[in-house]
Amino acid sequence: DGGITQSPKYLFRKEGQNVTLSCEQNLNHDAMYWYRQDPGQGLRLIYYSQIVNDFQKGDIAEGYSVSREKKESFPLTVTSAQKNPTAFYLCASGQYLSYEQYFGPGTRLTVT
Amino acid sequence: DQQVKQNSPSLSVQEGRISILNCDYTNSMFDYFLWYKKYPAEGPTFLISISSIKDKNEDGRFTVFLNKSAKHLSLHIVPSQPGDSAVYFCAASGDSGAGSYQLTFGKGTKLSVIP
């Protein structure tokens, strides 16, 4: 089955620790995206990548980092510099020159 | 500055009746609009979309209307079913260069369909 997987579903970390969220897709999509959702808020774009070894900052990139070493994978690292890391993180992918984006199931990160 | 606005945080509708979810946008460069449906603790699923060259797109029980002059779009669900209860996000996009179509999302409207 083609799709996007994010792991784990729930993640708990202590403040000051970096944490990496996994995102894998087997849809052969060129573009991948990371969003953050907070309660009562829409989805806000953190980073996106249109091609392997290239990525751009979204609207709220501060405190986050990404890599795109393989077409299928786009991991997101939430660093200790991110002031409010507790949120629901969503990964998406889409075909090049296509508007539609397809989302994974999300990872709920809680930092205490 | 919120470029995509969903002014109704919630909406309750009786089963079998019509649900109308509204969305307004401010950026004239947006030329493609999408609706996503989201259940709690899950990723959004794509529902329906419309290009700015059209004013209506229909898919089964779901119809999206676009009024470009008013910068307004709406999603109609007829008839509404209890399984439609979810948060609906409106999203807008335009070519931001180099083939990148970023989506700008509204804050969502929580639809409750009452049996």
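Refer to the preceding data block for the structure.
Residues numbered from 1 in each chain as written. Chains lettered and ligands numbered in written order. Predicted model: local features only at pLDDT ≥ 70, side-chain atom pairs only at ≥ 80, totals over all residues. Heavy atoms only, no water.

(A) Looking closely at the pairing of strand β9 (residues 86-93) of chain B. Residue and element names in this part refer to chain B. In terms of burial, β9 is largely enclosed, as seven of its eight residues are buried. Of the pairings in the sheet, the one linking strand β4 (residues 32-38) to β9 comprises seven bridges and is antiparallel in character. Residue pairing in the sheet places Phe-33 in a bridge with Ala-92 of β9. One ladder, built from three bridges, connects β9 with strand β11 (residues 109-114); its direction is antiparallel. Opposite Ala-86, over in β11, you have Leu-111 as the bridge partner. Taken together, the three bridges between β9 and strand β10 (residues 103-105) define a ladder with antiparallel strand orientation. In the sheet register, Ala-91 faces β10, and the bridge partner there is Phe-105. (Buried < 20%, exposed > 50% of the residue type's maximum accessible area, 1.4 Å probe, protein only. Helix = DSSP H or I, 4+ residues; strand = E, 2+ residues; numbered from the N terminus. Pairing = 2+ DSSP bridges.)

(B) Geometry of the interface of chain A and chain B. Contact with chain A, which involves 24 residues of that partner, is made by 23 residues of chain B. Interface area, chain A with chain B, both sides summed: about 1900 Å², of which 58% is carbon and sulfur. Sorting the residues of chain A by area buried against chain B places Leu43(A), Tyr99(A) and Glu100(A) first, and these three jointly supply 32% of that buried surface. In this structure, the connection of chain A to chain B is made through zero salt bridges. Put simply, the parts of the chain that give the side of chain A that touches chain B at least two residues each are β4 (31-37), β5 (43-51), β9 (87-94) and β10 (102-103) of chain A. Looking at the side of chain A that touches chain B element by element, the count peaks at four residues for β5(A). (Contact = heavy atoms within 4.5 Å. Buried area = accessible area lost by both parts, 1.4 Å probe. Salt bridge = Lys/Arg side-chain N within 4 Å of Asp/Glu carboxyl O.)

(C) Representation of a nonpolar patch on the surface within the structure. A cluster of nonpolar side chains, contributed by Ile18(B), Ile20(B) and Val78(B), occupies part of the molecular surface with about 220 Å² of accessible area. The residue Ile20(B) is located in strand β3 (residues 19-25) in this model. (Patch = residues over 30% accessible without salt bridge, like charges linked within 9 Å, V, L, I, M, F, W, Y side chains within 5 Å. Areas by Shrake-Rupley, 256 points an atom, 1.4 Å probe, with all protein chains shown as cover.)

(D) Layout of the nonpolar core. Core analysis: the largest hydrophobic core is formed by 23 residues, its most contacted members being Phe33(B), Trp35(B), Leu73(B), Leu75(B) and Tyr88(B). Elements that contribute at least two residues to this core include exactly β3, β4, β5 (45-51), β7 (62-67), β8 (72-77), β9 and β11 of chain B. Ranked by the residues each element gives to this core, the list is headed by β9(B), at four residues. Residue contacts for Tyr88(B): discarding those within four places in its chain leaves Gln6(B), Leu21(B), Trp35(B), Tyr36(B), Lys37(B), Leu47(B), Leu75(B), Ile77(B), Gly108(B), Thr109(B) and Leu111(B). Of all hydrophobic cores here, the second largest spans 21 residues; its members include Ile4(A), Tyr64(A), Tyr89(A) and Val111(A). (Core = buried A, V, L, I, M, F, W, Y, C linked by side-chain atoms within 4.5 Å.)

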